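Descriptive structure summary
Chain residues, written in single-letter form:
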Amino acid sequence: MPPLPNRSPTPLKSARRSLAPPRRRTQAERTAETRLRILKAAANLIRRRGYARFRTAEVASEAGVSRGAQLHHFPTKDELVVATLEYVFEQAQIVSRRRAAAVNRPRDLIEAVIEDAKEFFFSQHFMVAIDIVLSTSTDQAVRKRVLDISRKARRPVEAAWAEALAASNVPPAVAADIVALTLGVVRGMALRTLWDNDPKWFEQLFELWRQMIKVFLESRQDRSRLR
């Protein structure tokens, strides 16, 4: 009778190999991660509580870092708030430009522009930016930085929506005007909330604006066909 084969399990090769140690993060990577955690924590606190109730002393706990680490990156409240606005506005710009690239019909685009603008201009962070700009106690240099951040973040968004609308056979100059006017309408309603916040009425106005743009674009197409 032939001998039975040896059925003892063969050790896996991977078990014989020593696992490579994880790559250690560089000092620059650790610094960037800490800074980002602080900015995200500050953004969350501002979003939840508003600017008036925002306390820098609570940011370190929210971020899970030491108070010393926070002060190392952002020694003053002004520096922290300005950096937080810059971070939030940059993230909003990325999202808005992706949305603009994903929609291709004029009707869908107008609705998308309005919804995107509402998300930004009705946000607590935009109101913080307005508060800083209008505050009589704010340092002029801080006010200028906030305005520069706003322009830097919003101009590419406006251009992206205008390009998307132009790609739907709307003349580029007309597309740019439509986007600029649409953003102006939404921004104006957002500022109106400071003394008269009526969401239901706002939605009616936005729908009216959608219809006006629809009629305008259709009339342009009709005139083009008659030529």
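1. Notes on unusual backbone geometry
Phi angles above zero are rare outside glycine, and N169 is one such case at about 70°. Classification of N169 as exposed rests on a relative accessible area of 75%.

2. Notes on the packing of aromatic side chains
All chains considered together, the criterion is met by seven aromatic pairs. An angle of 40° between the planes, with centres 6.0 Å apart, marks the rings of W201 and F202 as tilted. By relative accessible area, W201 is classed as partly exposed at 31%. Among the aromatic residues, those joined into a ring-pair cluster are F89, F120, F121 and F126. Residue placement shows K77 over the ring face of Y51; its charged tip is 4.9 Å from the ring centre. The lysine or arginine in question, R154, covers the ring of F120, its NZ or CZ lying 4.0 Å from the ring centre.

3. Thoughts on the confidence of the model for the protein chain
Averaged over all residues, the pLDDT of the protein chain is 87; the fraction at 70 or higher stands at 87%. Considering each helix and strand of the protein chain separately, the mean pLDDT is smallest for helix α1 (residues 13-16), with a value of 52, and largest for helix α9 (residues 172-192), with 96.

4. Side note on the packing of helix α8 (residues 140-166) against α9
For any two helices packed against each other, one specifies the crossing angle of their axes together with the interaxial distance. Across the interface, α8 lies against α9 with an axial gap of 8 Å and an inter-helix angle of 130°. Comparing the axis directions of α8 and α9 gives the class oblique. Crossing of α8 against α9: the hand is right-handed. Two secondary-structure elements touch here, α8 through E158, W161, A162, L165 and A166 and α9 through P172, A175, A176, I178, V179, A180 and L183. Of the residues belonging to the contact of α8 with α9, the class tally is 11 nonpolar, no polar and one charged.

5. Here we look at the packing of helix α5 (residues 77-102) against α8
It is the contact of α5 with α8, at a shortest axis distance of 9 Å, that shows an interaxial angle of 0°. By the angle between their axes, α5 is roughly parallel relative to α8. Residues of the contact of α5 with α8, tallied by class, amount to 13 nonpolar, three polar and seven charged.

6. What about the layout of surface pockets?
Estimates place the volume of the largest pocket at around 320 Å³. Around the largest pocket, the lining comprises 17 residues; the ones closest to its centre are F121, F126, S150, R154 and R187. Going through the elements one at a time, α6 (106-121), α7 (124-134), α8 and α9 are the ones with two or more residues in the lining of the largest pocket. Element by element, the count of residues in the lining of the largest pocket is highest for α8, at seven residues. Partitioned by chemical class, the residues of the lining of the largest pocket number 11 nonpolar, one polar and five charged.

About the criteria used
Residues numbered from 1 in each chain as written. Predicted model: local features only at pLDDT ≥ 70, side-chain atom pairs only at ≥ 80, totals over all residues. Heavy atoms only, no water. Buried < 20%, exposed > 50% of the residue type's maximum accessible area, 1.4 Å probe, protein only. Phe/Tyr/Trp six-rings, centres within 6.5 Å; stacked < 30°, edge-to-face > 60°. Lys NZ or Arg CZ within 6 Å of the ring centre and 35° of its normal. pLDDT = per-residue confidence, 0-100. Helix = DSSP H or I, 4+ residues; strand = E, 2+ residues; numbered from the N terminus. Axes fitted to C-alpha atoms, helices over the stretch in contact; angles between N-to-C directions. Parallel < 35°, antiparallel > 145°, perpendicular 65-115°, else oblique. Left-handed = near helix turned anticlockwise from the far one by under 90°. Contact = heavy atoms within 4.5 Å. Nonpolar A, V, L, I, M, F, W, Y, C, P; charged D, E, K, R; others polar. 1 Å grid on protein atoms, 1.4 Å probe; cavity = no way out; pocket = protein on both sides within 12 Å on 5 of 7 lines; lining within 4 Å. Points joined across faces, edges and corners; volume = space filled by probe spheres on them.

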